[in-house]
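What the coordinates show
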Amino acid sequence: MDKLIDIKISDKVLSVDACYNFVLDQSCGGNVLFVGTVRDMNKGEVIKKLAFESYVEMAIKEMKKIAYSCLEKFDAKKIALHHRIGDVGLEEIAVIIAVSAKHRKAAFEACEFAIDELKKSVPIWKKEYLENGSYWVNARP
Amino acid sequence: MKVKCFGIVKEIVNQEILEIDGNVKISTVQELRTFLSKQFPEMSNINLCMVAVNQSYADDHTVISSKDEIAIIPPVAGG
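Notes on the structure follow. Keep in mind that what you see is a predicted model, and the values were worked out from it rather than measured. (Residues numbered from 1 in each chain as written. Chains lettered and ligands numbered in written order. Predicted model: local features only at pLDDT ≥ 70, side-chain atom pairs only at ≥ 80, totals over all residues. Heavy atoms only, no water.)

1. As for the environment of A:Val137
Threshold: In DSSP terms, a helix is any run of H or I states spanning at least four residues, a strand is any run of E spanning at least two, and both are numbered starting from the N terminus. Contacts between residues were defined by any pair of non-hydrogen atoms, one from each residue, lying within 4.5 Å.
Mapped onto the elements of the fold, A:Val137 is located in the segment after β9 (133–136). Measuring from C-alpha to C-alpha, the distance between A:Val137 and A:Trp125 comes to 7.3 Å, with 12 residues separating the pair along the chain. The contacts of A:Val137, once residues within four sequence positions are left out, are A:Lys126, A:Glu128, B:Pro75 and B:Ala77.

Dropping the structure here:
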């Protein structure tokens, strides 16, 4: 069990408390949480729900790489990356990133880096369900 | 050769694991791309997809065989 990073992909509801509690550390005074939730509109279209799919084994590896580079690059102490898969309704949490660091700047920067990198490299796909159909985000074959 | 498919690619090929006949000569990622775009005209934009070999992103020159775990990675959209 790795004590500095906590990576999870789950089809169950994600817990902000679990991520926050994981990163808390006596040596850290700055804790940053990013919580991505499902919003009701995208590009003028009404969203009913999202469905996430993942290549889980590879996604976990990519998330670990991101987590470790956060710790190295920004002098962060601990990081939790949790991502939901399956159907996710409006206001529900799709992703949580929690980072702790000695001071706030490193925690903010590491958290932003983590979500940016996650969106670039982690094999997770999102399908938007609109009122008249559904489509895979970013995929226009 | 077995190829894992996800998202839009899974819908195009209509299966999670695409099995390519062993008689088809595919020895690099580029050859796999060429084969898929011929086999599935809807994948003409396959160059927008990445290919993962043994759970790591590969480039077009990466050598592949039926022993490798191969996956087509359409543009990701996590978060």
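Structure's up, so let's keep going.
2. As for the sheet that holds strand β5 (residues 70–73) of chain B
Residues and elements named next belong to chain B. Keep this limit in mind: In this description, strands pair whenever DSSP reports at least two bridges between them. Between N-to-C directions, angles cover 0 to 180 degrees, with each direction set by a line fitted to C-alpha atoms, over the stretch in contact for helices.
Reading across the sheet, the five strands line up as β2-β1-β5-β3-β4 and stay open at both edges, with mixed pairing between neighbours. With one partner strand each, in any of the chains shown, β2 (17–19) and β4 (56–58) form the two edges of the open sheet. Shown here is a sheet whose adjacent strand axes are inclined to one another by a mean of 35 degrees, direction ignored. In this structure, strand β1 (residues 2–4) lies alongside β2, joined through three bridges in antiparallel fashion. Bridge assignment links Lys2 to a residue of β2, and that residue is Glu19. Lying on the sheet, helix α2 (residues 29–39) is in contact with β1, β2, β3 (50–53), β4 and β5; it crosses β3 at an angle near 125 degrees.

3. Some thoughts on the interface of chain B and chain A
Inclusion rule: By definition, the buried area sums, over both parts, the 1.4 Å-probe accessible area that each loses when the two are put together. Salt bridge, as applied in this entry: a Lys or Arg side-chain nitrogen positioned within 4 Å of an Asp or Glu carboxyl oxygen. As used in this structure description, the phrase polar contact means that two N or O atoms lie within 3.5 Å; if the pair is within protein, one of them must be able to donate a hydrogen and the other to accept it, and residues adjacent in sequence are counted only when both atoms belong to side chains.
Listed by partner, the interface residues are 23 residues for chain B and 28 residues for chain A. Buried area between chain B and chain A, both sides added, is near 2100 Å², and the carbon and sulfur share of it is 57%. On the chain B side of the interface with chain A, the three residues burying the most area are B:Gln55, B:Val76 and B:Gly79, jointly 30% of the side's total. On the surface where chain B and chain A come into contact, there are two salt bridges. In this structure, the salt-bridge partner of A:Lys127 is B:Glu11, at a minimum N-O distance of 2.6 Å. The tally of links from chain B across to chain A stands at 13 residue pairs in polar contact (both at pLDDT 80 or more).

4. Some points on the pairing of β9(A)
Residue and element names in this part refer to chain A. The sheet contact formed by strand β8 (residues 124–130) and β9 spans four bridges and is antiparallel. Bridge assignment links Tyr129 to a residue of β9, and that residue is Ser134. Connecting β8 to the antiparallel partner β9 that follows it, the hairpin turn spans two residues.

5. A few points about the side chain of A:Asn42
Within the fold, A:Asn42 resides in strand β3 (residues 41–42). With residues near it in sequence (within four places) discarded, A:Asn42 still touches A:Ile47 and A:Glu128.

6. So, the layout of surface pockets
Note the threshold: In this analysis a 1.4 Å probe is tested at points of a 1 Å grid over the protein atoms alone, and where it fits but cannot get out there is a cavity; an open set with protein on both sides within 12 Å along at least five of seven lines is a pocket; lining residues have an atom within 4 Å of a point. Grid points are joined across faces, edges and corners, and a volume is the space filled by probe spheres set on the points. Throughout this entry, Asp, Glu, Lys and Arg are counted as charged residues, while Ala, Val, Leu, Ile, Met, Phe, Trp, Tyr, Cys and Pro are counted as nonpolar. The remaining residues, Gly among them, count as polar.
In this structure, the largest pocket spans a volume of roughly 400 Å³. Together, 20 residues line the largest pocket, and A:Arg39, A:Lys119, A:Lys126, B:Gly78 and B:Gly79 are the ones closest to its centre. For the lining of the largest pocket, the secondary-structure elements that each account for two or more residues are β2 (30–37), β3, β4 (45–54), β7 (93–101) and β8 of chain A. By residue class, the composition of the lining of the largest pocket is 10 nonpolar, six polar and four charged.

7. Regarding the pattern of salt bridges
Residues and elements named next belong to chain A. Put simply, the rule reads: Three labels apply to residues, based on accessible area from a 1.4 Å probe with only protein chains included: buried if under 20% of the type maximum, exposed if over 50%, partly exposed otherwise in between.
The tally for this structure, following the rule as stated, stands at 11 salt bridges over all chains. The residue Arg84 makes a salt bridge to Glu92 at a minimum N-O spacing of 2.8 Å. Its relative accessible area of 7% is what places Arg84 among the buried residues. Look at Glu92 and you get partly exposed, because its relative accessible area is 28%. Here Glu109 and Lys105 are joined by a salt bridge, their closest N and O atoms 2.9 Å apart. One end of the pair, Glu109, and the other, Lys105, are both in helix α3 (residues 104–121), four residues apart, so they sit about a helical turn from each other.

That is the geometry; function is a separate question.
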